[in-house]
Amino acid sequence: MYRLRLLKIRGSKLCLPQGPPTFPDTLRYLYWNSYPLKSLPTNFIAEKLVELDMRGSQLEILWEGAPNLVNLKHINLSESMHLTQVPDISRALNVKSVNLWFCARLTEVPSYFQLLTELKILSLIGCPSLSKLSGLPKSLTKLRVLTKPFEHDMSNCRARRNCCSSKLERFPRILEPMEFLEYLRLEFAAIKELPLSIKNLTGLKLLSLRFCQNLEFLPDNIHSLSSLQELDIGFCRKLESLPELPSSLTKLDARFCTSLKTMSSSIPLVKQNWDDFFNEEYYSEEFIFLGCEMLDENARRVIMNEALFRVLRLATLYSKYGSDRSKFDLRLNRSFWPGSEIPRWFSHKSDESSICINLPHPDCWYNSSSYLGLVFCLVLEFHDPMLTPNDHWQLYVHGESVYMFPNGDLWKQRERMSSYISFHYHYNYISDSCSFSYDNTNEMNIDGALRFEYLYVFMDNTYGEFLRSNNGQIDSHGNKFPRTATVDFQDSEAFGEYIKLAEEGRCDDANGITGFTSPTAAASFFFSLDEKYEKLVKIKKCGVHLLYTQEADRFGYVRQIVSESSGDHEAVYSSEESDQEDQDEE
């Protein structure tokens, strides 16, 4: 077939009774799933080949020498469990992606890879024999290295128990700036440290070091990664301290860093424009320190200030860009850290799982241009949750609120207030997926790791939207409000119902809401957990705080306002208020 350009063969039981096939040199695309031979034929000509996909093959070596691969752009040899070395693609100067998933015997990525100046994606997931990463090309945008051994099929994979540990102990030096590398995953690697040259990853947005059990410290200059948005160091059990982190960081997952004791403050105490940190794709703020019970008091104070800073930053940006909610992942608006007392910063506190607060008239608290939403804090007491090997332990917090208008009418609302706590590892890349319980890793036994109290801080940016006028149907006084209505909260199970107090009856005096009319309003909040987890976790205390833009000043936020008299823009910053609040916290 001298003009054949595309050849696609699927099936693992295909027999080749007359020896290796002879391919025409016109091939542009070759897909052969479960290729049964140890190599391609010696007369294989790949000069016109654009994409080579031989996933699940029996290949030990793809070809001899360095063929002319001037047109090759994509190569996929994933699940080739017998492949011992990366095929020589040193002449494939236009290659864009190399997928070596689950090549269990692969030991090294050769140094000539740094010459592949068009290479953008390199995937080395499930390569337990990998011991050396040599030079990396400047063009890389995604580098995925997960050296945990797996039992794998096309639909699922599990971490093997009692298997050899990772052999990748060093990450290569970065000799020059790599502004295109945005995603770096080094999960399950045996590295003890990252090189100081990590600062040259100037475009890095995500760095995952999860399950790097030998990692002892992060380089002090990691704060110079000004584009870094997500840092995952979960289950790095030898890590004892965290240096100053980039101010651009919006997500830090340090769950079960069981040796972590100290943490440096990363709050940028200088004037800045938070718009610089806004992610055009999506934005969230998340700080997780579950299972970090060795943290000293100073570290817990630092985390508390970090949590409040990030609540303010998210709320401020949401108030500016929230008209397009698709850019905000409000489910990942949360912070966890060890603690048993609601921070002093919260203006309303309760020693129960519910709280009632008095509010001024709706025209005062909600219609204010500086109102940003409500911040909640819960004290969760864990009772040593025992996990079964396949338990996808997910804990949801639910909230119910009752708002009383000044005229005595009620608005009831129930929603899933926040996202879940998960003890399930999941990594997805296009159609392939790795998913397993943490209990399936011999490095981590989660039993007994949660036996204390934790503070859980999250925010409801949408609270009060039921007061917003909607074509004359919704009125803050309740005069034109419909009998029942539904509020559309993104990714939640929110619903609301407007009820005349005369039909509902008087409110419970114990909740602090009494009478039919008042110049003020009142709100009650009731928090609960999924029923099946009530014996494992208890909500002991709760707190709520109304958030306003003025509180962002303490963190050096510069906001532009318009003078009513002149129309000129001026910056607002209050250092005295900031200093006083810091002293109060201490």
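Because the structure is predicted, anything quoted here is derived from the model rather than measured.

Side chains of a nonpolar character, in soluble globular proteins, are inclined to be buried together. If you look at the biggest cluster of nonpolar residues, it comprises 111 residues, and the most contacted ones within it are Leu209, Ile233 and Phe289. Each residue touching Leu209, except ones within four places of it in the same chain, is listed here: Leu186, Ile191, Leu194, Leu215, Leu218, Asp232, Ile233, Gly234 and Cys236. Of all hydrophobic cores here, the second largest spans 36 residues; its members include Leu290, Tyr463, Leu529 and Tyr533.

What follows deals with the packing of aromatic side chains. Where two aromatic rings form a pair, the distance of their centres and the angle of their planes describe that pair. In this structure the tally under the stated criterion is 25 aromatic pairs. Ring centres 5.2 Å apart and planes at 85° place the aromatic pair Trp345 and Phe346 in the edge-to-face group. Pair check on accessibility: Trp345 and Phe346 agree, each one buried. A cation over an aromatic ring shows up here: Lys8 above the ring of Tyr31, its NZ or CZ 5.0 Å from the ring centre.

Attention now goes to the side chain of Ser97. By the secondary structure assignment, Ser97 is in strand S5 (residues 97–99). Classification of Ser97 by relative accessible area gives buried; the value is 17%. Engagement of the side chain of Ser97 in a polar contact is seen with the side chain of His74, the distance being 2.8 Å. Once residues within four sequence positions are removed from consideration, Ser97 is found in contact with Lys73, His74, Ile75, Leu119 and Ile121.

Let us look at helix H1 (residues 297–321). If you check H1, its first and last C-alpha atoms are 36 Å apart, about what 25 residues at 1.5 Å a residue would give, namely 36 Å. Counting buried positions along H1 yields 18 of 25 residues, so the element is predominantly enclosed. Put simply, Asp296 is the residue that caps the front of H1, since its side-chain oxygen is 3.3 Å from the backbone nitrogen of Asn298.

Notably, Glu79 is not glycine yet its phi reads approximately 65°, a positive angle. With respect to the element layout, Glu79 can be found in the loop between strand S4 (74–76) and S5. The buried category is assigned to Glu79, whose relative accessible area is 13%. The backbone of Phe235 sits at a positive phi, close to 65°, despite the residue not being glycine. With respect to the helices and strands, Phe235 occurs in the loop between strand S14 (230–232) and strand S15 (241–242).

Further remarks concern the environment of Leu49. Inspection of the secondary structure assignment puts Leu49 in the loop between strand S2 (29–32) and strand S3 (51–53). For the pair Leu49 and Leu72, spaced 23 residues apart in the sequence, the C-alpha separation amounts to 5.5 Å. Apart from the residues lying within four places of it in its own chain, the contact partners of Leu49 are Leu27, Arg28, Tyr29, Leu30, Phe44, Asn71 and Leu72.

All right, on to the pattern of salt bridges then. For the coordinates displayed, the defined rule picks out 14 salt bridges. Two residues, Asp53 and Arg55, come together in a salt bridge whose shortest N-O distance is 2.6 Å. Residue class for Arg55 comes out buried when judged on its relative accessible area of 18%. Of the charged contacts, one joins Glu187 and Arg185 as a salt bridge, the two residues approaching to 2.6 Å between their closest N and O atoms. A relative accessible area of 19% means that Arg185 is categorised as buried. Through salt bridges with shared partners, a single network forms among Arg210, Asp232, Asp253 and Arg255.

Time to look at the state of the cysteines. Within the structure shown, the criterion is met by zero disulfides. Of all cysteine sulfurs, the one in Cys212 lies closest to Cys236, which takes part in no disulfide; the gap is 5.2 Å. The buried category is assigned to Cys236, whose relative accessible area is 0%.

As for its position among the elements, Cys103 is in the loop between S5 and strand S6 (108–109). What makes Cys103 buried here is its relative accessible area of 0%. Note: C-alpha distance between Cys103 and Val86 (17 residues apart in sequence) is 9.6 Å. Apart from the residues within four sequence positions on either side, Cys103 is in contact with Leu77, Ser78, Glu79, Ser80, Leu83, Gly126 and Cys127.

Right, let's get into the confidence of the model for the protein. Mean pLDDT over the protein works out to 76, with 72% of the residues at or above the 70 mark. Here residues 428–445 scores under 50 on pLDDT; set against residues more than four positions off or in separate chains, the count is 75 contacts.

Counting buried residues along strand S32 (residues 537–548), nine of its twelve residues qualify, which places the element largely inside the surrounding structure. Note that strand S20 (residues 348–350) and S32 share three bridges and pair antiparallel. Bridged to Ser350 within S32 is Cys542. Relative to S32, strand S22 (residues 371–382) runs antiparallel, the two sharing eleven bridges.

Cut-off values and rules
Residues numbered from 1 in each chain as written. Predicted model: local features only at pLDDT ≥ 70, side-chain atom pairs only at ≥ 80, totals over all residues. Heavy atoms only, no water. Core = buried A, V, L, I, M, F, W, Y, C linked by side-chain atoms within 4.5 Å. Buried < 20%, exposed > 50% of the residue type's maximum accessible area, 1.4 Å probe, protein only. Contact = heavy atoms within 4.5 Å. Phe/Tyr/Trp six-rings, centres within 6.5 Å; stacked < 30°, edge-to-face > 60°. Lys NZ or Arg CZ within 6 Å of the ring centre and 35° of its normal. Helix = DSSP H or I, 4+ residues; strand = E, 2+ residues; numbered from the N terminus. Polar contact = N/O pair within 3.5 Å; in protein donor to acceptor, adjacent residues only side chain to side chain. Expected span 1.5 Å × (residues − 1). Salt bridge = Lys/Arg side-chain N within 4 Å of Asp/Glu carboxyl O. Disulfide = S-S within 2.5 Å. pLDDT = per-residue confidence, 0-100. Pairing = 2+ DSSP bridges.

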